[in-house]
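Remarks on the overall topology
Each chain is listed here by its residues.
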Amino acid sequence: MMSLFYSAIFILIYIALFSSFCFAGDPTISYDFKVSYITASPLGVLQQVIAVNGKFPGPLINATTNNNVVVNVWNELDENLLLTWPGIQLRRNSWQDGVLGTNCPLDPKSNFTYQFQVKDQIGSFFYFPSLNFQRASGGFGAFIINNRKIIPIPFAQPDGDIVIIIGDWYTKNHTALRTVLDSGKDLGMPDGVLINGKGPYRYNNTLVPEGIEHETIQVDPGKTYRLRVHNVGISTSLNFRIQNHNMLLVETEGYYTVQQNYTSFDIHVGQSTSFLVTMDQNASSDYYIIASARFVNESVWQRVTGVAILHYSNSKGPASGPLPQPGTDVYNPWSAMSQPRAIRLNTSASGARPNPQGSYPYGRINITDTYILMSLPPAIINGTVRATLNGISFAKPETPFRLADVQKVKGAYKLDFPSKPLNRPPRIDRSVINATYKGFIEVILQNNDTRMQSFHIDGYSFFVVGMDFGIWTEDKRGSYNKWDAISRSTIEVYPGAWTAVLVSLDNTGVWNLRVENLDRWYLGQETYMRIINPEENGETEMGPPANVIYCGALASLEKASHSSAMSILGGNSKFLLSMLMALLSFVFIFR
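Overview of the structure. Every value quoted in this text rests on a predicted model; they were computed, and no experiment measured them.

**Some details on the state of the cysteines**
What the rule picks out here adds up to one disulfide. Here C104 pairs with C551 through a disulfide, and the sulfurs are 2.1 Å apart. Taking the torsion about the sulfur-sulfur bond, which here is approximately -85 degrees, the covalent link between C104 and C551 counts as left-handed. Of this pair, C104 sits in the loop between β5 (83–84) and β6 (110–117) while C551 sits in the loop between β33 (526–532) and α6 (564–567), placing them 447 residues apart in sequence. Overall, the relative accessible area of 14% leaves C551 in the buried class.

**Points about the nonpolar core**
A general tendency of soluble globular proteins is for nonpolar side chains to be buried together. The biggest cluster of nonpolar side chains holds 124 residues, and the ones touching the most others in it are W85, F143 and F240. Leaving out residues up to four positions away in the same chain, W85 has contacts with I61, V71, L90, Q96, D97, Y114, F116, F126, Y127 and F143. Within the second largest apolar cluster, 15 residues are counted, among which are W95, L403, A412 and Y550.

**A look at unusual backbone geometry**
Cis geometry marks the peptide bond from F56 to P57, where omega comes out at -5 degrees. Along the chain, P57 turns up in the loop between β2 (47–52) and β3 (61–64). At D120, a residue that is not glycine, the phi angle is positive and equals roughly 50 degrees. The residue D120 is located in the loop between β6 and β7 (123–129) in this model. A relative accessible area of 32% places D120 in the partly exposed class.

**Overview of the sheet that holds strand β16 (residues 264–267)**
Strand order in this open sheet of five strands is β11-β19-β18-β13-β16, and the pairing throughout is mixed. Of all the strands in the sheet, just β11 (216–219) and β16 have a single pairing partner and so form its edges. When strand polarity is set aside, the average angle formed by the axes of neighbouring strands in this sheet is 20 degrees.

**Brief notes about the sheet that holds strand β4 (residues 68–75)**
The strand order across the open sheet built from four strands is β2-β1-β4-β6, with neighbouring strands paired in mixed fashion. The sheet is open, and its two edges are formed by β2 and β6, each paired on a single side. On average, each strand axis in the sheet is inclined to that of its neighbour by 20 degrees, with strand direction left out of account. Taken together, the eight bridges between β4 and β6 define a ladder with antiparallel strand orientation. The residue of β6 that forms the bridge with N75 is S110.

**A short note on the pattern of salt bridges**
Tallied over the full model, the rule gives 27 salt bridges. Note that D468 is salt-bridged to R341, the shortest N-O span being 3.2 Å. On the criterion of sequence distance, the pair formed by D468 in strand β28 (residues 462–469) and R341 in helix α3 (residues 333–341) is long-range, its members being 127 residues apart. The partly exposed category is assigned to R341, whose relative accessible area is 32%.

**Quick notes on the packing of aromatic side chains**
Summed over the entire model, instances satisfying the criterion amount to 28 aromatic pairs. The interplanar angle of 85 degrees and the centroid separation of 5.1 Å between the aromatic rings of F112 and Y114 together place this pair among those described as edge-to-face. By relative accessible area, which is 3% here, Y114 ends up buried. Look at F128 and W521: their rings are 6.2 Å apart centre to centre, the planes differ by 90 degrees, and that puts the pair in the edge-to-face class. Pair noted here: F128 is in strand β7 and W521 is in helix α5 (residues 518–522), with a separation of 393 residues, a long-range link. The pair formed by F128 and W521 is uniform in burial state, with each residue classed as buried.

Conventions used here
- Residues numbered from 1 in each chain as written.
- Predicted model: local features only at pLDDT ≥ 70, side-chain atom pairs only at ≥ 80, totals over all residues.
- Heavy atoms only, no water.
- Disulfide = S-S within 2.5 Å.
- Helix = DSSP H or I, 4+ residues; strand = E, 2+ residues; numbered from the N terminus.
- Buried < 20%, exposed > 50% of the residue type's maximum accessible area, 1.4 Å probe, protein only.
- Core = buried A, V, L, I, M, F, W, Y, C linked by side-chain atoms within 4.5 Å.
- Contact = heavy atoms within 4.5 Å.
- Pairing = 2+ DSSP bridges.
- Axes fitted to C-alpha atoms, helices over the stretch in contact; angles between N-to-C directions.
- Salt bridge = Lys/Arg side-chain N within 4 Å of Asp/Glu carboxyl O.
- Phe/Tyr/Trp six-rings, centres within 6.5 Å; stacked < 30°, edge-to-face > 60°.

Encoded structure:
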């Protein structure tokens, strides 16, 4: 009997470590992530990069709709860490969002267990470290949410699934790049573009030095593969293409699109896109896979090009010749903008549930609030170079905002973010949008900066209803797409242009709204939306997790039970204790 007891204890401890104890019947998937430094030379220069479980990029999180996801993160860096999951709509659970306004950072040499459900979601996403410019050194990886078997996908089942992670890259690590930004300087041109953590194939002996390892993707002739392409870079928009192959666009960040063929496609910082690619070319040679810089002086930036190899299993020789050029003219931005304008929601496809994705009549819903968010080139504020939204450069939070609410901490933030640009000097502040629960808001992203920017809202997807050059005015609403606008979580905004999105505020919590361009984000170009149900009864928002970390004004509440040793339990220590007591009673009765 005692051996049975000890076996039961072992099983319970294992479950506590690797389960979120969700009793709704949805499966749980668990991961252990050790985030650490390793040495690598993706561009031929030895440097320090951030790896997850010794891998750069990190391992794939492979989930299915409604799965409960448990990620136990060990911070083996020498500085604080948070992992964030952009595009994952953490329903009622901003406590797991992994940004400073929602989580206290994880100290070096400690761990924390994230627990959340990918409720009613499908699609292609990625994760990355959100603090201290760390994404510039790595720590990122792909996150796939598959359809449940009972929900059909709107295309034939592909013969394979291929993750491609692209992004601009510097041979300086993130701490050195931070120093550059802190000094008020610009980062300058990147040193290259990586594809799956590797440098370019030597397609040109002058532009690409010897000794750089490149990525090779193996395929079989005649088969069709789903390519999930993620731009995890710092600030460079990239054009993605495969020599002599058509790419059928099928999904962007969790929503199936009207299917269109492209020979090249612009993927901006923070965006994820799925293509179907059929291997229908002859195997006389391999083929180039290219990710090249866009919306810059491309002749000067020619060396900033990622090149991988598509290798047919019966290939007869290496790829050769010049790289194919993008299909649209970057010097004609109207032409380039026609591509994102053409992306439409596939209204006949099911998503995570067996009802059409396009059944939501967003075009007939009254707009409750309009927010015009203007970005300008960085400016000097209080003697430092800062980036702003509506003239406010966001000060890094000391106490997570919703935790401050629960613990009644005063002065952690202000609910006074302006709904439009104001005629006043820029300032550094901790100003948050006081959004109305169940509101339906219009957000105008007005980019008066000189660079292409990408904007992201955590916890939400939004309808991309309009995009144009110039200054947005109310009469532009007449051009909105009110029927089949694509839903996304990250959208590009051209320099000197605007993008309009509509957002249904049905997810309570505090959610980060930011520019995904890492340099501008680091310099303060972000805010948060506080969305609270005034009639909260415990059903619309989850409470703080049992393993919550306290910091800032609440640092005194951080007790031994929340140390790294206890956080291994992932917030389930109380449950584990009760189960152990039940087992002890069982043994006592039946001994």
